[in-house]
Amino acid sequence: MTTETNGAAAPKDAAKNAPAPANPSTAPVAAAAGTNPEKLTPAQLKAKAKAEKAARRAQVKENRAAVVAAEPAKKEGADGKGGKGKGKQDGQPGQSKGHRPSMSGRRPSFPGTEKEKDVRRGIPQCFSHVPMAKRIPTSEAHKDVHPAVLVVGQQMATFAIKDSISRLEATMLALRKVIESYETPEGNSLSRHLVPHVLNPQIEYLTECRPMCFAMGNAIRLLKAKINSVDINDPEDEAKEDLLEWIDTLIKERINLAHFVIARTAADLINKGDNILTYGRHRLVEKTLLKAKETGKEFSVTIVDDPYDRGGLVLAKSLRRADIPVLYSPNLGGLQLKVATATNVLLGGEAIFANGSLNAASGTADVAMAGRKASAKVTILCETINFDRERVSVDSLTYNEIDPERYTADSFRLLFDNTQDKYITGVVTEFESGGGNSPAQAILALLRRQEDPLIA
Amino acid sequence: MAPVHAAYAPSLDKWIKSLRSQSLEASIESLIYLLKRRQVKGDECATATAHTLLQVVARSKWHDVDQLLNRVQSAGSRLARAAPNEPVIGNIVRRVLGLIREEATEDRNIDDDVGSESASDIQALTPVNAPNQQGNRPAPTPVQTLQRAPTGLAGLQVSKSMFNLFSAAGNSDTPLTGASTPLSQAQPASVHALRSEVIEGIQELMDELSQADDQIASFSDIQIHPDDYVLAYQPSKTVERFLIKAASRRRFTVLIANSEPIQPGATETPYAVLRKKLNSHGVTTINLATNALMAYIPRVNKVIFGAKAVYQNGGVLVDSGAYIAAEAAQEFLKPVIVLGAVYKLCPEDPSDETVISELGNPSRFVSYANGPEIDALEIENTVSDYLPPSLVDVYITNLGPQSRPHLASILADHYKVEDIGYSLHESEV
């Protein structure tokens, strides 16, 4: 929203340093006023509604601010001036382009710019391009956001739902509810109306809460394609039934079945007497190790943990319960010695890019590199829904997220890092049955051919 | 037994203050306790060792050079054994031993010059001390000595009588004590002079210790350039000084890596003082709450580590987690700079224990209250890492930036050949 702010601010330089809160209110108001008399397409109507809501909310905020400081007088002055100038033309395009840093190209579904800026101001300059999850009070969410989505958004913003697959599953189940309760308005067709008017606000809201993960992006893209392919003449009930079933299949095949197949394949890679080194806690690694133990293999596990996110300790407990010998290291110290004794390094991934590099919990890259240097086999476990076939990433600052708990110069932390494919021996997914020795590139090629007939 | 006042709030300063008021034995004992409890560690060990040895030289009874060497060695190895993970203790002991030898030889040289009987002296002594030598000419002996010396440089400037000293040390069964060297014949009259000479020497060494950080810092603006992003891995006092000095000349950004989270009780953010100082110079600082630094390496221009010790082969003892950071830096071709004063340079190769690294207290990370599953867990909290020489690009010492091949000549300049072979951990008290 920087563009909008700048545009509106330009003509009123005289009212120097007009407080930021004034801007969101002025522009949308003007925009709304401008669009009023013309013919109203649904999109415009929607924009108008949005703008009005924005204005209302800004008003509320101003009132709140008025209590705090002696600002309001200044603000009113700014309102009067800024409202005329450019708002009409600049406001909307500025908004629709937005300034979402990377993962989504959409405008925020609520006008919390000034607040967002305040929060993001703490982020050190050199990381200011990296997106960050944020908590949006449910009262500030867009009115079109479905309650189920609202809950999921909150859970994602607070990291109650954290890893990519849980987020994907929660999102799909919430969207399922949205579709379930959807009724096509008079004069519209499901395939034309559902996505832009119902689905998009949900997705925008979710993206606002926390940048979408790659699995969500993939699944939503597939879902939209599916909706677009619904025949205009199909009865609505049938079409909805179809969509719901499609979502169920997606969850079943790409998540549940994938987990089962990956755990089985990866467990086959573990031999008697092996020492498996892993980093932190990843759902697939945990499943694999437990599965291998179930099949009667005796092996030991070295868990290297992130001292700032003690997932490894949880994994350690669960493995101990299964009676697997565990060596736990709370940090990356002495890693070269630990990988030297490991036969296999098993790591879980959050996403794999088109160039074969892996996006995973921060620290994974270090462990993979150390493993490769020590000539251990570095195997990545990742569901194919996490594969991004369009984007490439060569370093960890391209696609990443800032830890919303640690985003200032006092304490800063990125959630993910990027492991180059040269550190990876093989990737295990649910698609290939070769046994984890194929590089990510091979799987990407396979996916390209298989994906469409398989799911869409 | 440790004195009471050192026991409550143990610290190096308290211990130094207590030196006057207690016996030599008591202060050595209390230092050993401090070392064993890791209450004195890192760079402080060097200062503490120098203080101890100063007391040994000044207060213990000795009548000739050999006795002095013995006293220093035995006190030194007691300290070294109390903290086997602090190689600087051994370095300081070796430095002091070398100092004593040098002073003693100088005294002797003066004597020799005055008495002008050096030639006969040598001829008289050589057969006695080296009975297996066939000829009684002194000439072959120095050659052999020089071959024995790993560096060859140590012997270059020594006088004739020094050669004799070396050959005696080299051929005797126990080269460590120097018991059969001609030094044993030093005149008791010169003991007093020697004592004050050695004390002066140790004080100079202590000055060197205290100035080392500043001297290292003076090279900072050569290494750090405007707009650099510098990654400082758990900055030690030396690194802090280095960064602050650079900040007075340059604008850059420092990423500070904390490998461990702030403890729940602690209120202030880590490195607050350092960051305040840097910020006041306009240098941006960012605390990275991670020890997985691969993600940040593409952003940084150079990585700085403070060494706990630098070994003869160029390997460096550092804080835990530094190995992986250095490895990542190398992967991205970012220079790795190690700051280590000359006194941290060990005239030995790292032992296997060093490479295997020291283990610390795991209870900070895993509480046994976590239940029976945790009870059965094997936990390793590594507190030190070993950087192999291949990962280090430059060593900055108080004598200036050094490359790995040059370390050998620095070693040769600072240690005597006899002391290099001296193993602190094996010799008996």
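Residues numbered from 1 in each chain as written. Chains lettered and ligands numbered in written order. Predicted model: local features only at pLDDT ≥ 70, side-chain atom pairs only at ≥ 80, totals over all residues.

K.L.:
I would appreciate a short explanation of the overall build of chain B in the present structure.
P.N.:
When its secondary structure is counted, chain B shows 18 helices and 13 strands. Counting over 429 residues, chain B shows a buried share of 47%. (Helix = DSSP H or I, 4+ residues; strand = E, 2+ residues; numbered from the N terminus. Buried ≥ 20, exposed ≤ 12 C-beta atoms within 10 Å, placed from the backbone.)

K.L.:
Is there a simple way to explain the overall build of chain A in this structure?
P.N.:
Helix and strand counts for chain A stand at 16 helices and eleven strands. Here chain A holds 456 residues, and 47% of them are scored as buried. Long-range contacts, defined as pairs at least 24 residues apart, comprise 76% of the intrachain contacts of chain A with a sequence gap of at least 6. (Contact = placed C-beta atoms within 7 Å.)

K.L.:
Just checking my understanding: could you explain the sheet that holds strand β6 (residues 316-319) of chain B for this structure?
P.N.:
Backbone hydrogen bonds are what pair the strands of a sheet, in a parallel or an antiparallel way. Residue and element names in this part refer to chain B. One open sheet accounts for three strands, arranged β5-β6-β11; its pairing is antiparallel. Looking at the sheet topology across the chains shown, the edges are occupied by β5 (309-310) and β11 (384-387). The sheet contact formed by β5 and β6 spans two bridges and is antiparallel. In the sheet register, A309 faces β6, and the bridge partner there is L317. Strands in contact with helix α14 (residues 322-331) are β6 and β11; relative to β11, the strand with the most contacts, it is inclined by about 35°. (Pairing = 2+ DSSP bridges. Axes fitted to C-alpha atoms, helices over the stretch in contact; angles between N-to-C directions.)

K.L.:
Got a minute to help me understand the sheet that holds strand β5 (residues 351-352) of chain A in this structure?
P.N.:
Residues and elements named next belong to chain A. One open sheet holds the three strands; their spatial order is β5-β6-β10, and the pairing between them is antiparallel. Each having just a single partner strand, β5 and β10 (416-419) make up the two edges of the open sheet. Relative to strand β6 (residues 358-361), β5 runs antiparallel, the two being bridged by two bridges. Bridge pairing links I352 to L358 in β6.

K.L.:
Looking at this model, I keep getting lost on the interface of chain A and chain B. Mind explaining?
P.N.:
How large an interface is tends to be reported as the accessible area lost when its parts come together. Each side of the interface is counted separately: chain A has 40 residues, and chain B has 41 residues. When contributions to the side of chain A that touches chain B are tallied by element, the ones reaching two or more residues are α13 (311-321), β3 (326-329), α14 (335-341), α15 (364-373) and β9 (411-414) of chain A. Grouping the constituent residues of the side of chain A that touches chain B by class yields 20 nonpolar, nine polar and eleven charged. In this structure, β3(A) lies alongside strand β9 (residues 378-379) of chain B, joined through two bridges in parallel fashion. Across the sheet, the residue bridging to A:Y328 is B:I379, located in β9(B). (Nonpolar A, V, L, I, M, F, W, Y, C, P; charged D, E, K, R; others polar.)

K.L.:
Looking at this structure, I do not really get the environment of A:D274. What am I missing?
P.N.:
All names here are of chain A. With respect to the helices and strands, the residue D274 is situated in the loop between α11 (236-269) and β1 (275-279). The partly exposed category is assigned to D274, around which 19 C-beta atoms lie within 10 Å. The residues contacting D274, other than those within four sequence positions of it, are F299, T343 and N344.

K.L.:
Sorry, what's going on with unusual backbone geometry here?
P.N.:
In terms of backbone geometry, most residues other than glycine have negative phi values and most peptide bonds are trans. Residues and elements named next belong to chain A. Of note in the backbone geometry, D323 takes a positive phi value of approximately 70° without being a glycine. The class for D323 is exposed, based on 10 C-beta atoms found within 10 Å. Within the chain, S375 stands out as a residue other than glycine whose phi angle is a positive 60°. Topologically, S375 is positioned in the loop between α15 and β7 (377-381).

K.L.:
I would appreciate a short explanation of the nonpolar core in the present structure.
P.N.:
Nonpolar side chains tend to gather and get buried jointly when the protein is soluble and globular. B:L231 and B:V303 are the most contacted members of the largest nonpolar core, which totals 208 residues. Sequence-distant contacts of B:L231, that is, excluding residues within four places in its chain, are made with B:L255, B:A257, B:L293, B:Y296, B:V300, B:V303 and B:I304. (Core = buried A, V, L, I, M, F, W, Y, C linked by C-beta atoms within 7 Å.)

K.L.:
Looking at this structure, I do not really get the domain arrangement of chain B. What am I missing?
P.N.:
All names here are of chain B. Domain boundaries assigned for chain B yield domain 1 (4-213) and domain 2 (219-414). Domain 1 puts 18 residues into the contact, and the matching count from domain 2 is 20 residues. Where the side of domain 1 that touches domain 2 is concerned, the elements lending two or more residues are α4 (43-59), α6 (87-115) and α10 (191-217). Top element by residues in the side of domain 1 that touches domain 2 is α6. It accounts for seven residues. For the side of domain 1 that touches domain 2, the class distribution of residues is eight nonpolar, five polar and five charged. (Domains from an automatic or database assignment.)

K.L.:
In this structure, what is going on with the packing of helix α3 (residues 24-36) of chain B against helix α5 (residues 65-82) of chain B? I would like to understand it.
P.N.:
Helix-helix packing is characterised by the crossing angle of the two axes and by the distance between the axes. Residue and element names in this part refer to chain B. Packing of α3 against α5 brings their axes to within 8 Å, and their N-to-C directions diverge by 25°. On the basis of the axis angle, α3 is roughly parallel to α5. The handedness of the crossing between α3 and α5 comes out as right-handed. Contacts between α3 and α5 involve I28, L31, I32, L35 and K36 from the first element and A75, R78, L79 and A82 from the second. Considering only residue class, the contact of α3 with α5 consists of seven nonpolar, no polar and two charged. (Parallel < 35°, antiparallel > 145°, perpendicular 65-115°, else oblique. Left-handed = near helix turned anticlockwise from the far one by under 90°.)

K.L.:
Would you explain helix α7 (residues 147-157) of chain A in this entry?
P.N.:
Side chains three or four residues apart in an α-helix point the same way, a direct result of the helix having 3.6 residues per turn. Residue and element names in this part refer to chain A. Considered for burial, the residues of α7 that qualify are V149, V152, G153 and M156. Buried residues in α7, looked at end-on, bunch into an arc of 105°, giving them a common side. Remark: F159 follows α7 within two positions and exhibits a positive phi of approximately 65°. (Arc of directions from axis to C-beta.)

K.L.:
Teacher, can you tell me more about the pairing of strand β8 (residues 402-408) of chain A here?
P.N.:
Sheet faces and side chains relate simply in a regular strand, where the side chains alternate between the two faces. Residues and elements named next belong to chain A. Of the strand pairs in this sheet, β8 and β9 are connected by three bridges, and their pairing is antiparallel. If you follow I402 over to β9, its bridge partner there is L414. Two successive antiparallel strands, β8 and β9, enclose a turn made up of two residues.

K.L.:
Help me out: how do you make sense of α14(B) in this one?
P.N.:
Residue and element names in this part refer to chain B. Counted residue by residue, α14 has eight buried out of ten residues, so it is predominantly covered. Burial in α14 covers these residues: A322, Y323, I324, A325, A326, E327, A328 and A329. Within two residues after α14, L333 carries a phi angle of roughly 55°, on the positive side.

K.L.:
What am I meant to see in the confidence of the model for chain B here?
P.N.:
Low-pLDDT portions of the prediction should not be read for the details of their coordinates. Residues and elements named next belong to chain B. Within chain B, residue pLDDT values average 78, and 73% of them lie at 70 or more. Overall, residues 1-7 carries pLDDT values under 50, and its contacts beyond four positions in sequence, including any with other chains, amount to 15 contacts. A low-confidence stretch, residues 115-186 stays under pLDDT 50, and its non-local contacts, those more than four residues away or across chains, total 102 contacts. Overall fold confidence for the complex sits at a pTM of 0.75, while the interface term, ipTM, reaches 0.76. (pLDDT = per-residue confidence, 0-100.)

K.L.:
What exactly am I supposed to notice about the packing of α7(A) against helix α8 (residues 164-180) of chain A here?
P.N.:
All names here are of chain A. Contact geometry of α7 with α8 gives a least axis separation of 8 Å together with a crossing angle of 165°. Viewed along their axes, α7 and α8 adopt a mutual orientation that is roughly antiparallel. As for the relative orientation of α7 and α8, their crossing is left-handed in sense. Every residue of α8 that contacts α7 at A148, V149, V152, Q155 and M156 is listed here: R167, A170, T171, A174, K177 and V178. Of the residues that constitute the contact of α7 with α8, the class distribution is seven nonpolar, two polar and two charged.

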